[in-house]
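What the coordinates show
Chain residues, written in single-letter form:
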Amino acid sequence: MINLSRYDYNIDHMLKKGLLKSFNSVLEDKDQEYSNQLSKGHYQQLRELVLSTCKNITLIVNGKEEAFKENLIITGAKYLNSELEKERLYTSSMFMSITNILGSKKQISAYEQTVNGVVHYVILEKICVLLEDKNDDIKQNSILCLRNLAEYPECFLKIIDILHEKLEIMNEVFGVDALRGLTELLPKLSQYKNPPYVEKE
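None of the values given here were measured: they were computed from a predicted structure.

Their axes nearest at 9 Å, the elements helix H9 (residues 136-149) and helix H11 (residues 167-174) cross at an angle of 70°. By the angle between their axes, H9 is roughly perpendicular relative to H11. The residues of H11 that touch H9, namely those facing Lys139, Ile143, Leu146 and Arg147, are Glu172, Val173 and Phe174. Here the contact of H9 with H11 is composed, by residue class, of 4 nonpolar, no polar and 3 charged.

Structure below.
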């Protein structure tokens, strides 16, 4: 399967046949449907094969679009912070490819969870964590992924918000463009009581 997915011609013939839907089910493992039937080692190998194949399939536009429609972004996101290096590598590579389409950017940007009153940009935060991964390939995948996502303005501001205390990393990813995002996070003059004077509370 992995070998077949290395060529565009083969990928085209793998699409619209329910394969990515099945892959999503394997990765989601709802009610331990797969992990209970296989040994831990075998299920781990199956996940690696699925993620590696998804990585290849999402290299082409039709593959990205079908993966997006089959919910592989939401399902695959949990493997971005996997303890297994191969899973992080394959998933970050898939995300680097799939974030080239607008639907993916919007979905990732909108995916939020509120914990104790604090809003977390769950998938974006996981990608940002990979910027400090020990594996250089994973780190580069995350950089390219964030650059793709930053093309969507709302997503760019959320990334800057996550990284605003890590200036060196932010500079590595966005360079001087990061300054634009930082200025957007600053309060507007109209929000002060007596502009242009900034009064201390």
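More follows now that the structure is in view.
Counted by the stated rule, this structure contains 7 salt bridges. Between lysine 158 and glutamate 112 there is a salt bridge, and its shortest N-O distance comes to 2.9 Å. Pair noted here: lysine 158 is in helix H10 (residues 153-163) and glutamate 112 is in the loop between helix H7 (102-110) and strand E1 (113-115), with a separation of 46 residues, a long-range link. Judged by relative accessible area, glutamate 112 falls into the partly exposed class, the value being 38%. Among the salt bridges present, the one from glutamate 132 reaches lysine 166, with a minimum N-O distance of 2.8 Å. A residue pair is termed long-range when its members are at least 10 positions apart, and glutamate 132 in the loop between helix H8 (122-129) and H9 and lysine 166 in the loop between H10 and H11 qualify at 34 residues.

Unusually for a residue other than glycine, glutamine 32 sits at a positive phi of about 55°. Structurally, glutamine 32 can be placed in the loop between helix H2 (19-28) and helix H3 (40-57). Among the residues examined, glutamine 32 registers a relative accessible area of 42% and is labelled partly exposed. At asparagine 116, a position not held by glycine, the phi torsion is positive, near 50°. If you trace the backbone, asparagine 116 turns up in the loop between E1 and strand E2 (118-120).

Moving on to the nonpolar core. The biggest cluster of nonpolar side chains holds 48 residues, and the ones touching the most others in it are Phe95, Leu146, Leu149 and Phe174. Setting aside anything within four residues of it in sequence, one finds leucine 149 in contact with Thr99, Lys105, Ile108, Leu124, Ile127, Cys155, Phe156 and Ile159.

Relative to each other, H8 and H10 sit at 55°, their axes nearing to 10 Å. Considering their axes alone, H8 and H10 lie oblique with respect to each other. The handedness of the crossing between H8 and H10 comes out as right-handed. From H8, Leu124, Glu125 and Cys128 reach across to H10, where they touch Cys155, Lys158, Ile159, Ile162 and Leu163. When its residues are assigned to classes, the contact of H8 with H10 shows 6 nonpolar, no polar and 2 charged.

Rules and cut-offs
- Residues numbered from 1 in each chain as written.
- Predicted model: local features only at pLDDT ≥ 70, side-chain atom pairs only at ≥ 80, totals over all residues.
- Heavy atoms only, no water.
- Axes fitted to C-alpha atoms, helices over the stretch in contact; angles between N-to-C directions.
- Helix = DSSP H or I, 4+ residues; strand = E, 2+ residues; numbered from the N terminus.
- Parallel < 35°, antiparallel > 145°, perpendicular 65-115°, else oblique.
- Contact = heavy atoms within 4.5 Å.
- Nonpolar A, V, L, I, M, F, W, Y, C, P; charged D, E, K, R; others polar.
- Salt bridge = Lys/Arg side-chain N within 4 Å of Asp/Glu carboxyl O.
- Buried < 20%, exposed > 50% of the residue type's maximum accessible area, 1.4 Å probe, protein only.
- Core = buried A, V, L, I, M, F, W, Y, C linked by side-chain atoms within 4.5 Å.
- Left-handed = near helix turned anticlockwise from the far one by under 90°.

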